[in-house]
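Here is how the chains run, residue by residue.
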Amino acid sequence: MLKGLVFATLASVTALTATPALADAHTDTSNEAIERELSAMGDLFGDMFGTAEPLTPEQEARVPMAQSVVIKLFPEGTYAKMMDEAMGPMMDSMLGNIAGSPAILLMEMTGLSPSELSDIDNARLEAAVELLDPGAKARNAEIADMSMSLMSDIVVQIEPSYRAGLARAYAVRFTEAELTELDAYFATPVGSKYAAESFLIFADPQVMSAMNEMMPAVMEAMPAMMGDIGDIGARYPKGRTFSDLSSAEQDKLASLLGVTLEELAASEPEAEAEAQPKAK
């Protein structure tokens, strides 16, 4: 359940951090062009979470009972309630902080690293943003509001599919006798209350605030982890770019990807950097 919400959040965060590029993009920003790009991304990431095995006939026969259990655990409107009461405020705060952070905006605008901006006070950072893009803060705040509204609409739309998936999962993991017992328990007053709250409680502010305790431990472990990543990387040869390949290899790469040599040469990271107009 939370994986889907996290994925939606990441999509929104990605959209926010790409705001300057989207706002200043060249002419092809039509709905058709955007739909093509989104469709292509969907094709690339559509199988990110894998595909489920078909149910056996025995499991399929348990689906109706599983549906009876799941409708108590995940009644209609659960996602909307979750967004309104718990996840919504948290995501709104997170997206708002991203949209309004002068340091994050300046990283995108200037290419400076976090370490180069970390010692600059917030007033100077905000002044720099105002100099480069006076409308950035208001524009990104509006985009954050729009993203939250869109996410709320999306999770409501996917709720029936999610409920159907839950029913299949319960049909796989529980026997008919166990499902019958669960259904009877969820029909009791305390069972009914537990069922209605069981999913919502994972996004409760008390739970989410406790997750903040993870951050110090993660930050403490980060230097060692980065060192380990560097050690692993050093044991392997560095990857090659298009210009590092032989002519035969370039031809093979173009054939594999279905593009021309010119397109590959133009899209090479170094080529992209050189193609950017320099400030006078």
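Each remark here, short or long, concerns the structure printed above.
Here we summarise the structure given alongside this text. Just so you know, these numbers come straight off a predicted model, no measurement behind them.

In this section: the side chain of Gln 59. As for its placement among the helices and strands, Gln 59 is situated in helix H4 (residues 57–73). Every residue in contact with Gln 59, bar those within four places of it in the chain, is listed here: Pro 54, Ala 171 and Val 172.

On to a nonpolar patch on the surface. Together, Val 207, Met 211, Met 214, Met 215, Val 218 and Met 219 make up an exposed nonpolar region whose accessible area comes to about 540 Å². Going through the elements one at a time, helix H12 (205–211) and helix H13 (214–234) are the ones with two or more residues in the nonpolar patch. In terms of residues, the nonpolar patch owes the most to one element, H13, which gives 4 residues. Considering the arrangement of structural elements, one finds Met 215 in helix H13.

This part covers the nonpolar core. The biggest cluster of nonpolar side chains holds 22 residues, and the ones touching the most others in it are Leu 73 and Tyr 170. Of all the secondary structure elements, the ones that give two or more residues to this core are H4, helix H5 (78–100), helix H9 (136–173) and helix H10 (176–186). In terms of residue count, H9 provides more of this core than any other element does, 7 residues in total. Counting 6 residues, the second largest nonpolar core, distinct from the first, contains Leu 106, Leu 117, Val 129 and Ala 136.

Among the structural elements, Ile 120 can be located in the loop between helix H7 (114–117) and helix H8 (122–132). For Ile 120, a relative accessible area of 25% puts it in the partly exposed group. Sequence separation of Ile 120 and Ala 103 is 17 residues, and the distance between their C-alpha atoms is 9.1 Å.

Here is what the cut-offs are and how they apply
Residues numbered from 1 in each chain as written. Predicted model: local features only at pLDDT ≥ 70, side-chain atom pairs only at ≥ 80, totals over all residues. Heavy atoms only, no water. Helix = DSSP H or I, 4+ residues; strand = E, 2+ residues; numbered from the N terminus. Contact = heavy atoms within 4.5 Å. Patch = residues over 30% accessible without salt bridge, like charges linked within 9 Å, V, L, I, M, F, W, Y side chains within 5 Å. Areas by Shrake-Rupley, 256 points an atom, 1.4 Å probe, with all protein chains shown as cover. Salt bridge = Lys/Arg side-chain N within 4 Å of Asp/Glu carboxyl O. Core = buried A, V, L, I, M, F, W, Y, C linked by side-chain atoms within 4.5 Å. Buried < 20%, exposed > 50% of the residue type's maximum accessible area, 1.4 Å probe, protein only.

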